[in-house]
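Observations on the model geometry
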Amino acid sequence: MFAYLVKRAFQAIAVMFVISVVSFAIQDNLGDPLRELVGQSVSEEVREQLREELGLNDSFFTQYLRFAWKALHGDLGTSYFFKEPALTVIFKKLPATLELVFGATFIIIGLSVPLGVYTAIKPNGLFARVVMGLSIVGISVPVFLTAIAMIYLFSVELQWLPSFGRGEVVAVFGHWETNFLTVDGWKHILLPSIALASIMLPLFVRLIRAEMMETLQSEYVKYATAKGVRPMRIYFIHALKNTLLPVITVGGVQIGTMVAYTILTETVFQWPGMGFMFLEAVNRVDTPLIVAYLIVVGFIFVVTNTIVDLIYGLVNPTINIARMGA
Amino acid sequence: MSAQTSTTARRSSFWQSNFVYSFRKSPVAIVSMIVFALIALAALFAPWIAPVDPYDQALFDIMDSELPPVWQTYGDPRFLFGTDPQGRDMLSAILYGTRLSLLIGVCAVAVQAFLGISIGLIAGYIGGRLDSLLMRMADIQLSFSTLMVAIIFLAVSQAIFGSDTFNKYAIFMLIVVIGVAEWPQYARTVRACVLAEKKKEYVDSARVLGFGPLRIMVRHILPNALSPIFVISTVQVANAIISEASLSFLGLGMPPSQPSLGLLISSGFDYIFSGSWWITTIPGVVLVVLVLVINLLGDWMRDVLNPRLYKGDK
C-alpha cells in the first residue's frame with residue numbers, strides 16, 4: 001500500500017510539474033509585462049534597466065525556478081485587470097464554480113443510481129426503453145444547447161426562472177458566498193446545475209446499467225435470490241456495491257470534462273465563477289490570471305484524480321495495490 | 001451477395017452479409033442511415049444547393065436582417081429559414097456550417113485513428129516497458145478531457161497569435177487539437193485486440209515464415225481489429241462534432257466570417273431574448289439531429305459487431 005501511495009504521489013507531482021512548466025511557458029510568451037507596468041511612454045534605456053531589474057533577461061530556467069518558488073509560496077502574480085493578486089481573484093470566484101459542480105453532482109448521483117438500477121432490472125420495460133432512448137438523445141445534445149433551450153423555455157417564454165447570474169447570495173465562513181440559503185439563490189442555481197448535469201447523466205445511467213446487468217448474472221446474486229433475500233436488498237445492498245467500482249474510475253476520468261463544461265455552462269448563464277473568469281481573462285490577455293487559473297485547476301484536478309485512484313485501490317480488494325503502479 | 005463471394009475473401013463476405021441482414025432488420029439503423037446520408041449529401045453539395053454564398057459579405061443586405069422563416073408572418077420567400085442579424089441567408093449558412101462541422105469531425109477522427117492505431121499496434125505488439133510507458137501516457141492524456149485541453153490550448157494560442165492569424169488557421173488547429181487529444185481511445189482498444197490476437201497461431205506462423213513485425217502488425221493483426229475500430233469511429237465522429245461546436249460556441253473555433261454550426265448557434269443566442277429564435281434553433285436542431293443519427297448508428301453497430309471494447313473506455 002505504501003509503495004503504491006508513493007508511486008501515485010510521485011506521478012501527481014510529475015503531472016503538476018509539467019502543468020507548471022506549460023503555464024510558465026505561456027506566461028513567458030503571452031503579452032509584455034513591461035507594457036502593462038509602465039505603458040508606451042518610457043524610453044528604451046529605462047525599459048532595459050527595468051527589464052534587468054525584473055529579471056526578464058535571465059535564462060528561461062532561472063526565471064522558471066523563480067516562478068515555481070513564488071508559486072509554491074502562493075504568489076502567482078497580480079491580475080492586470082483586477083489589480084489584485086491573481087490567487088485572491090480566483091479564490092473569490094471558486095465558491096460559485098464549486099457550488100455549481102456540487103449542484104450538478106447531486107443531480108447526477110440522485111438520478112443516475114435509481115435510473116441505472118431500474119433499467120438494469122427491467123431492461124425491456126417501457127419506462128426503461130424510454131430512459132435509454134432519452135439517454136442517447138442526452139449524449140447527442142451539447143451542453144450549451146441544453147442551456148439555451150432551458151433559458152428559452154423557462155426564462156424567456158414562461159419567465160419562471162432567471163437566465164443569468166447568481167442572484168442573492170449569503171456569505172458564510174468569510175469569503176464563501178452560498179446560493180443554497182435563499183430562495184432566489186436556489187432559483188438561480190437550478191438551471192445551470194441541470195445544464196451541467198445533462199451531459200454526464202446519460203453516461204452514468206448507461207454505465208451503471210451495464211455494470212448492474214453484468215453483476216446480476218453473477219453466482220452470488222443467484223445464491224442470494226435462492227436463499228430468499230428480498231429483491232430490493234439484493235439490488236441495492238448486494239449488487240450495487242459491486243457496480244460502484246467502475247463508476248468511481250469513470251467518475252475520476254470525468255473530472256476534467258466537468259471543468260470544461262463549467263466553462264461552457266458559466267458562459268451561457270454568465271455565472272460569476274472561475275470558468276467565465278478564465279474566458280474573460282483570455283479576451284483581456286490578463287496573463288497572470290490565465291496562468292493562475294491553469295495552476296489552480298491543474299492542482300484541483302491532480303489532487304482529485306489521485307484521491308480517486310487511492311479510493312479505487314482501497315475499495316477494490318482484488319487488486320494487488322503494490323503492483324498497480326507498475 | 002453470392003456474386004461478391006468469389007471476389008472478396010470468404011470470411012469478410014460472411015461478416016458483411018450478416019451485417020447487411022441485421023441492418024435491414026433494424027428500422028432505427030435504416031432511418032438513421034437515411035437521415036445521415038441526406039445531411040452528408042446536402043453538406044457535400046452545399047456550394048451547388050445553397051441559394052447564396054454565405055461567406056460573401058457583399059451579398060448581404062442589412063435591410064434583410066432578422067427575417068423569420070418562410071412559414072412565419074413577415075417571412076420572405078427568398079429566405080427559407082430566415083436571416084441572421086447581418087442579413088445572411090440562414091439556409092445557406094447552415095448548409096456551409098454543416099459542411100465545416102462534418103469536415104472537421106471526420107478529419108479530426110482520421111488523425112485520432114492514425115495516431116491511436118499506430119500507437120496501439122506498437123504498444124501491444126512490442127509490449128514490455130514501451131507498452132507500459134505508452135499506456136501510462138494514454139491514461140494521463142485521457143484524464144485531461146479533450147474539451148478542457150482544447151479550450152486551454154485554443155484560448156492561449158488565440159491570445160498569443162492574435163485573432164487574425166488564429167482565424168486563418170482555425171480549421172487546422174481544431175482538427176489537430178481534437179485529433180491529438182483523443183488518440184488513447186483507439187490506442188487502448190487496438191492494444192487490447194493485439195494482445196488477444198498475438199497469441200494466436202496465425203501470427204506465430206507468419207513470424208515463422210519470416211515476415212517483419214510491420215507487415216504482421218498491419219497486414220495480419222490489424223484486419224482482425226477492424227470491428228471495434230468501426231464502432232469507436234462513429235462515436236468519435238459524433239464527439240468530435242460536439243467538441244468543435246462547443247469550441248466555436250465559445251469563440252475559440254471557426255471565425256465569424258466562416259461560421260460552423262456552433263458559431264451560428266452562438267451568434268443567435270444574443271437574439272433569443274428579443275424573440276428571434278430561428279437563428280439559434282434551426283442550426284441547433286441540425287446539429288443535434290446530425291450527432292444523434294451518428295450515435296444511433298454507432299449504438300446499432302456496437303450491438304451487431306459486439307466487439308469486446310476496452311472496459312471503461314466510455
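Rules used throughout
Residues numbered from 1 in each chain as written. Chains lettered and ligands numbered in written order. Predicted model: local features only at pLDDT ≥ 70, side-chain atom pairs only at ≥ 80, totals over all residues. Heavy atoms only, no water. Contact = heavy atoms within 4.5 Å. Buried area = accessible area lost by both parts, 1.4 Å probe. Salt bridge = Lys/Arg side-chain N within 4 Å of Asp/Glu carboxyl O. Buried < 20%, exposed > 50% of the residue type's maximum accessible area, 1.4 Å probe, protein only. Helix = DSSP H or I, 4+ residues; strand = E, 2+ residues; numbered from the N terminus. Axes fitted to C-alpha atoms, helices over the stretch in contact; angles between N-to-C directions. Parallel < 35°, antiparallel > 145°, perpendicular 65-115°, else oblique. Left-handed = near helix turned anticlockwise from the far one by under 90°. Nonpolar A, V, L, I, M, F, W, Y, C, P; charged D, E, K, R; others polar. 1 Å grid on protein atoms, 1.4 Å probe; cavity = no way out; pocket = protein on both sides within 12 Å on 5 of 7 lines; lining within 4 Å. Points joined across faces, edges and corners; volume = space filled by probe spheres on them.

Before going further, it helps to examine the interface of chain A and chain B. Listed per partner, the contact involves 45 residues of chain A and 36 residues of chain B. A combined buried area of about 3,600 Å² lies between chain A and chain B, and 79% of that area is made up of carbon and sulfur atoms. Linking chain A to chain B there are one salt bridge. Residues B:Asp299 and A:Arg206 are paired through a salt bridge, measuring 3.4 Å at the closest nitrogen-oxygen approach.

All names here are of chain A. Here Gln270, not a glycine, exhibits a phi torsion of approximately 45°, which is positive. Note on Gln270: relative accessible area 42%, which makes it partly exposed. Despite not being glycine, Val285 shows a phi value in the positive range, around 50°. Residue placement: Val285 occurs in the loop between helix H11 (274–283) and helix H12 (287–315).

Below, the discussion takes up the packing of helix H5 (residues 86–121) of chain A against H12(A). All names here are of chain A. Where H5 contacts H12, the axes come no closer than 9 Å and their chain directions differ by 55°. Compared by their axis directions, H5 and H12 come out oblique. Along this stretch, H5 crosses H12, giving a crossing that reads as right-handed. Taking contact as the criterion, the partners of Ala86, Leu87, Val89, Ile90 and Leu94 in H5 are, on H12, Pro288, Leu289, Ala292, Tyr293, Val296 and Ile300. Its residues assigned to classes, the contact of H5 with H12 shows eleven nonpolar, no polar and no charged.

All names here are of chain B. Across all of its chains, the model carries one cavity of 30 Å³ or more by this definition. The space that makes up the largest cavity amounts to roughly 30 Å³. Lining the largest cavity, in full, are Gln112, Thr146, Ile178, Glu182, Gln236, Asn239, Ala240 and Ser243. Elements supplying a minimum of two residues to the lining of the largest cavity: helix H7 (146–181) and helix H11 (226–249). The biggest single contributor to the lining of the largest cavity is H11, with four residues. Its residues placed into classes, the lining of the largest cavity shows two nonpolar, five polar and one charged.

Right, let's talk about the packing of helix H7 (residues 143–157) of chain A against helix H10 (residues 231–269) of chain A for a bit. All names here are of chain A. One can describe the packing of H7 onto H10 by two numbers: an axis separation of 9 Å at closest approach and a directional angle of 25°. The orientation of H7 with respect to H10, classified from their angle, is roughly parallel. Seen from above, H7 lies across H10 with right-handed handedness. Here Val143, Phe144, Ala147, Ile148 and Ile151 of H7 come into contact with H10, specifically with Tyr261, Leu264, Thr265, Val268 and Phe269. Split by residue class, the contact of H7 with H10 holds nine nonpolar, one polar and no charged.

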